[in-house]
Amino acid sequence: MLRLSNIRIGARLAMMSGVTILLVAVLIVSQLMTGAQIKQANINTDRRTDLALDAALDGALMLVGPRLGRQGVRLEDGRAGPSPRVRADAMRLEQVFVNLLHNALEALAQAERPCVRLSVARAGGRVRVRIEDNGPGIDPAAREHLFTPFFTTRAQGVGLGLVISRDILAEFGGTLEALDAARGAAFEVALEPMEEGA
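Residues numbered from 1 in each chain as written. Predicted model: local features only at pLDDT ≥ 70, side-chain atom pairs only at ≥ 80, totals over all residues. Heavy atoms only, no water.

Participant: Where do I start with the pairing of strand β5 (residues 126–133) in this structure?
Facilitator: Consecutive residues of a regular strand have side chains that alternate between opposite faces of the sheet. With six of eight residues buried, β5 lies mostly within the body of the structure. Relative to β5, strand β4 (residues 115–123) runs antiparallel, the two being bridged by eight bridges. Across the sheet, residue Arg-122 finds its bridge partner in β5, namely Val-127. Where β4 hands over to β5, the hairpin turn is made up of two residues, of which Gly-124 adopts a positive phi near 60°. Of the pairings in the sheet, the one linking β5 to strand β7 (residues 186–191) comprises six bridges and is antiparallel in character. Note that in β7 the partner of Glu-132 across the bridge is Ala-186. (Buried < 20%, exposed > 50% of the residue type's maximum accessible area, 1.4 Å probe, protein only. Helix = DSSP H or I, 4+ residues; strand = E, 2+ residues; numbered from the N terminus. Pairing = 2+ DSSP bridges.)

Participant: Just to check I follow, could you spell out the environment of Ala-185 for this structure?
Facilitator: Within the secondary structure layout, Ala-185 lies in the loop between β6 (175–179) and β7. Residue classification places Ala-185 among the buried residues on the basis of a relative accessible area of 9%. Taking the C-alpha atoms as reference points, Ala-185 and Asn-103, separated by 82 residues in sequence, lie 9.7 Å from one another. For Ala-185, the contacting residues outside a window of four places in its chain are Ile-131, Glu-132, Asp-133, Gly-137 and Ile-138. (Contact = heavy atoms within 4.5 Å.)

Participant: What is the right way to look at helix α7 (residues 161–171) in this model?
Facilitator: Given 3.6 residues to a turn, an α-helix orients residues that are three or four positions apart in the same direction. Every buried residue of α7 is accounted for by Leu-162, Val-163, Ile-164, Ser-165, Asp-167, Ile-168 and Leu-169. Downstream of α7 by one or two residues, Gly-173 has phi in the positive range, about 80°.

What follows is the structure, given as C-alpha cells:
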C-alpha cells in the first residue's frame, strides 16, 4: 500500500490546478480502496480476473484517441491478431494503460513526427505489453527514481502515476518496468497468462 506524507502532499497540491488536484484525489482514493475491496471479495476470483487483454488495450486507446488526434501522434499498433487472455482486473488494467499512454503523449508534446508504438508478445511465461514513444527519452539521472512517490520531471507532474500503476499490477501478479530504448521511452507491463482450459 502506498504510504502518503501529508507534508509532501500539501506541498504538491499547492502548485497544482483544481483539475489536477481532483485527479490526484481520485487516484489516491482508488488506490486506498483497493485493499479493502480485495479483502471483501469472496466470489470466484479466477473467473472474475479472466480477461481478454485486447479489451483493456482497446478501451485505453479509445479514451486517449482524441488526444492522439489533437497532438497529431501516429499510433503503431503491432498486434498481429487477438492477444492472449490474462489474469487481471479489466478496469484497473485499463487505468494502467491509459496512464502509460498519457505519459507517452506528454513526452511527445514537442516531438517532430511523434509516434507511439504498442506491441504484445509472450515471453518467459508472461504476456508482455510494451508501450514506446519517440520522444526525448528518460534522463539517466531520473531513471532510478521513476517509481519513487512524488518524483516527477514535469512542472505540472504529480509523481504518482507510475507508482500507482505498479501497485495496481502487483495486485494480480503483474509488473511494470522501464526498458532501455534506442530512442524515446519504453515501458513494459508483464502479466500472468490464462492457460487454455483454465
